[in-house]
Structure formats: C-alpha cells, structure tokens
Amino acid sequence: GFFQSYAVEVDIKDASNATCLYADWMMRFLITYESNNGDYKTTTLNLSSSVTHNGSICGNDTQAAVVAVQFGEGHSWSINITKNNETYQGDFITLTYNTNDTAVFPDAKRKGPVTVLVKDPLHPVQLNTVFVCHNSYFIEAENTTQIFWNVTVQAFVQNGTVSKKESRCPADTPTSAPTIPPTIANVTTAFTTTLSPAPTTAPKPVENPDTGNYSLKSGNKTCFLATVGLQLNVSQDKPLLININPKTTVADGACGNTTATLKLNDGNSTLIGF
C-alpha cells in the first residue's frame, strides 16, 4: 500500500542563462473517480521518475511566471505565479489527470483527460525571498486532494541567484522537520499523516478523545454517518499521541453505490481518511 513519489526540480533560465525561476518540491494526488460498475474509488497518483517541464517560463512585470510539469501517462500539473509591486503569489493551479492510465485508474468509467482548476490558497511572498514549506499542506477541489511537502520555490529570481532569505508556510515552525508523506492503499484502508515533529521528551498522558458526529450527504440524503472518538498513536522516535477535536474537524468525502470515502481534516494539519 505504499507508493513512491519523486521530487521535482525546475530551474528555468532567462536569455542570459541566469536562473529566473526555481522550484523544488514533492507532491502526490488523491483522486476519487467513478468505476465501470458505478462505485466511487479513491486512487493515488504519484510523480514518476521521468518528469518534463515544458511550458515553464520566467514571467515579468506583465506576464505570469509558470511552473509546468508533465509526468506518467498523460498527466500534468502547473501553477501560474504573478508579481504585484513588491510580492509574488501563486494565482491558480491546474491539474490534469488522464483516466486512460490503467495502472492508476484500472476501471474508470470516464476515459480521457480530466482538468481541475483551483486557486492557490497561499499568501504573497516578498520579492527576493524564497518560499519554503517542509510540512505537508493540502488543496482539495473537485474530488481531488493535492498534497505538497518539502517545497522550495522562488519566482522572479533577481541576479540569477536564489535568495537565502526564507518565507515559511504556516504549517512550518522553527523546530519542524520534514514529514513522512501520506500514503493510501485503497478506499477501504485508512491513511493518516501527522504534521507535528517527534517530541524530544516523553509525552504527557492524553485524555480519552471527545466523541464526534460526522456525516456526508449525497444530494439531500445523508449517505455516511460516523460517531467516533479518534486518537492517533504515531510511532516515530518516541510515541506521539494526538486527539482529534470534533469541534475543529471538518468532514468531506464521497459516496458511491458500494463504496464511501470519509476524509476528516482537524484544521491543525492532520488528515485522516477512511
């Protein structure tokens, strides 16, 4: 049930052969699709070992910079980055996955490329500053979850040299360490990823978790009900116990005829899927 995902490095040069855009990151996609028998299944789309970056461009004051990659059997991902006064910011992200890839979508009812467009939720970054995010963060849209980690990116690089000045994402803290990327075996196997660093001292006893009531709707009908208290016991260097707080946890997912997916996001960088 474990899947390999590869790092991507894109170093775009301008006409004088100086770096104008640099990006190095890892990403993975969880995609829910309809199978031939009407069930909904969740699959994992990983980057392959061979990635191209055709269409990536430097950008300027009037034209957006673009990081674009192509991988696997007809899959692609790109982000437009715009400059505004003294900052740059991701504008929109485009994911295209191809359900003709039978290794990832072995029984997809819909065949061919599917494009998902989503607004980049991250904040602007000062020019001549590199954006860094070691911990995982998630973007959900149209039955897809895009997962990113170990991100380093700078658009509109000045003087051809990537800056040493960093802007960190909210998920990172000064003591954060890169997290283990999430994995998924299939829709019936739970996947968990915790974004907190391993503790340096023995954890204090944790009380029993509060019971939460979670539900999904399909149209006007409730199709999934769960009443459960959740506690994660993460085995790193030392045990780490985390209670999931129902008051801050949002339920999402999808229901099919014989398969349902429940995703719980606690708003504190922990995502659990059933």
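Computed from a predicted model, the values in this text were never measured in an experiment. (Residues numbered from 1 in each chain as written. Predicted model: local features only at pLDDT ≥ 70, side-chain atom pairs only at ≥ 80, totals over all residues. Heavy atoms only, no water.)

1. Focus on the nonpolar core
Inference 1: In terms of nonpolar packing, the biggest core is built from 45 residues, with Trp-25, Val-67, Trp-77 and Phe-131 touching the most fellow members.
Inference 2: Beyond its immediate stretch of four places on either side in the chain, Trp-77 contacts Trp-25, Met-27, Phe-29, Val-67, Ala-68, Val-69, Phe-71, Ile-93, Thr-94, Leu-95, Gln-146 and Phe-148.
Inference 3: Leu-216, Phe-224, Val-234 and Leu-240 belong to the second largest nonpolar core, which has 14 residues in total. (Core = buried A, V, L, I, M, F, W, Y, C linked by side-chain atoms within 4.5 Å. Buried < 20%, exposed > 50% of the residue type's maximum accessible area, 1.4 Å probe, protein only. Contact = heavy atoms within 4.5 Å.)

2. Some details on the state of the cysteines
Note on terminology: disulfide describes a covalent bond linking the sulfur atoms of two cysteines.
Inference 1: Per the counting criterion, the structure on display carries 3 disulfides.
Inference 2: The residue that forms a disulfide with Cys-133 is Cys-169, at a sulfur-sulfur distance of 2.0 Å. Looking down the S-S bond of the Cys-133 and Cys-169 bridge, the torsion is 70°, so its handedness is right-handed. Linking Cys-133 in strand β10 (residues 130–133) with Cys-169 in the loop between β13 (166–168) and β14 (191–193), this pair joins segments that are 36 residues apart in sequence. Accessibility classification places Cys-133 together with Cys-169 in one group, the buried group.
Inference 3: Here Cys-223 connects covalently by a disulfide to Cys-255, the sulfurs 2.0 Å from one another. Judged by the torsion about the S-S bond (75°), the Cys-223/Cys-255 disulfide is right-handed. Taken together, the residues Cys-223 in strand β16 (residues 221–229) and Cys-255 in strand β19 (residues 250–255) connect sequence positions 32 residues apart. (Disulfide = S-S within 2.5 Å. Helix = DSSP H or I, 4+ residues; strand = E, 2+ residues; numbered from the N terminus.)

3. Describing the packing of aromatic side chains
Inference 1: Throughout the structure, instances matching the rule amount to 6 aromatic pairs.
Inference 2: On the basis of an interplanar angle of 10° and a centroid distance of 6.2 Å, the ring pair of Phe-29 and Phe-71 is categorised as stacked. In this pair, Phe-29 is assigned in strand β2 (residues 19–34) and Phe-71 in strand β5 (residues 65–71), connecting sequence segments 42 residues apart. Assigned by exposure class, Phe-29 and Phe-71 land together as buried.
Inference 3: Pairing Trp-77 with Phe-148 gives two aromatic rings, centres 5.8 Å apart and planes at 55°, and the pair type is tilted. Of this pair, Trp-77 sits in strand β6 (residues 75–84) while Phe-148 sits in strand β12 (residues 144–155), and the two are 71 residues apart along the sequence. (Phe/Tyr/Trp six-rings, centres within 6.5 Å; stacked < 30°, edge-to-face > 60°.)

4. A word on the environment of Phe-156
Inference 1: Tracing the backbone through its elements, the reader meets Phe-156 in the loop between β12 and β13.
Inference 2: Phe-156 gets classed as buried once you look at its relative accessible area, which sits at 8%.
Inference 3: Sequence spacing of Phe-156 and Leu-127 is 29 residues, and the spatial spacing of their C-alpha atoms is 7.3 Å.
Inference 4: Look past the residues within four positions of Phe-156 in its chain and what remains in contact with it is Cys-20, Cys-58, Gly-59, Asn-60, Gln-63, Ala-65, Ile-81, Thr-82, Lys-83, Tyr-88 and Leu-127.

5. Observations regarding the pattern of salt bridges
Oppositely charged side chains may form a pair once their charged atoms are brought near each other.
Inference 1: Across all of its chains, the model carries 8 salt bridges by this definition.
Inference 2: Close ionic contact of Asp-11 with Lys-13 constitutes a salt bridge, the shortest N to O distance being 3.6 Å.
Inference 3: Judged by its relative accessible area of 40%, Lys-13 is partly exposed.
Inference 4: Glu-34 is the partner of Lys-109 in a salt bridge, and the nearest nitrogen-oxygen pair spans 3.7 Å. Linking Lys-109 in the loop between β7 (87–98) and β8 (113–119) with Glu-34 in strand β2, this pair joins segments that are 75 residues apart in sequence.
Inference 5: On the accessibility criterion, Glu-34 (27% relative accessible area) is partly exposed.
Inference 6: In this structure, a network of salt bridges that share partners links the residues Glu-166, Arg-168 and Asp-172. (Salt bridge = Lys/Arg side-chain N within 4 Å of Asp/Glu carboxyl O.)

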